[in-house]
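The residues making up each chain are set out below.
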Amino acid sequence: MDVVINAILISLTAILVENTVFSKALGTSTLFLAARSRKKFFTFGLCITYFSVVSSIIAYFADSYLGENEYSYIFMPFVYVVIIGAVYTITLLVVWKLAYSFFLSIKKFIHVSAFNCAVLGVLFTNATSGKSLVEYIAYALGTGIGFIIAAFLVSAVYEKLYSEDVSPSFRGLPITYIYVGILAMAFYALSGGTITL
């Protein structure tokens, strides 16, 4: 029961407090690409969740094996990137062989999502090292769901950020970064963080 409660808390932390987009600014380029349409952000989010969860399961066993080595914290980020690369390659081959038309429609999401997850590898391995398999999976699910929420929040105002109502010098990417920055401060406040002057 304690493991399930810990898994739920870890998922909520990854979704809200440790949201990789808002707390670490990781994946913002993917976020802006995903936010252009509602269908895209959901597909990107599902792909990121898939890569995070599958890689986290493999990473758990790799971490268990390497955990006995006192220098494992140095190797694990590299191992995680290799795991993502293997999952990426196998996923592409399986989808290409079994469902070619589906492969053509989803391959760009697979490419970007896999490389986005590779960037998250260092953060992931530091946050989950020494935890149980359920906690690994919970953190990975939280990361994927957190990305979907972040993409939804940007997608909801995407048209307004590019509208004629915004000054030409701020229209588009500059105002989007300001908006994401304001959201990041709100999420930082959720984590109990304070800004001292």
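Conventions and cut-offs
Residues numbered from 1 in each chain as written. Predicted model: local features only at pLDDT ≥ 70, side-chain atom pairs only at ≥ 80, totals over all residues. Heavy atoms only, no water. Patch = residues over 30% accessible without salt bridge, like charges linked within 9 Å, V, L, I, M, F, W, Y side chains within 5 Å. Areas by Shrake-Rupley, 256 points an atom, 1.4 Å probe, with all protein chains shown as cover. Salt bridge = Lys/Arg side-chain N within 4 Å of Asp/Glu carboxyl O. Helix = DSSP H or I, 4+ residues; strand = E, 2+ residues; numbered from the N terminus. Buried < 20%, exposed > 50% of the residue type's maximum accessible area, 1.4 Å probe, protein only. Phe/Tyr/Trp six-rings, centres within 6.5 Å; stacked < 30°, edge-to-face > 60°. Core = buried A, V, L, I, M, F, W, Y, C linked by side-chain atoms within 4.5 Å.

Peer 1: It is not clear to me how a nonpolar patch on the surface should be interpreted in this structure. Could you clarify?
Peer 2: A contiguous nonpolar patch, built from Leu93, Trp96, Tyr100 and Leu104 and spanning about 410 Å² of accessible area, is present on the exposed surface. Along the chain, Trp96 falls in helix α5 (residues 72-98). Residue classification places Trp96 among the partly exposed positions, given a relative accessible area of 39%.

Peer 1: Mind showing me how you'd approach the packing of aromatic side chains here?
Peer 2: The description of two aromatic rings rests on the distance between their centres and on the angle between their planes. Within the structure shown, the criterion is met by four aromatic pairs. Aromatic pair Tyr50 and Phe51: ring centres 5.1 Å apart, planes at 70 degrees, arrangement edge-to-face. By relative accessible area, which is 36% here, Tyr50 ends up partly exposed. Assessed through its relative accessible area of 0%, Phe51 is described here as buried. Members of the aromatic cluster, each reached through a chain of ring pairs, are Tyr60, Phe61 and Tyr136.

Peer 1: Any chance you could explain the pattern of salt bridges here in plain terms?
Peer 2: Pairs may arise between side chains of opposite charge once their charged atoms sit close together. Under the criterion given, the structure shown has one salt bridge. Measuring nitrogen to oxygen at the nearest pair gives 3.7 Å for the salt bridge that ties Arg171 to Glu164. Residue classification places Glu164 among the exposed positions, given a relative accessible area of 67%.

Peer 1: How should I be thinking about the nonpolar core in this particular structure?
Peer 2: Across soluble globular proteins, you tend to see nonpolar side chains buried next to one another. Judged by nonpolar contacts, the single largest core of 25 residues is most densely connected at Phe51, Ala59, Ile83, Tyr88, Ile106 and Ile110. Sort the elements by how many residues they give to this core and α5 lands first, with nine residues.

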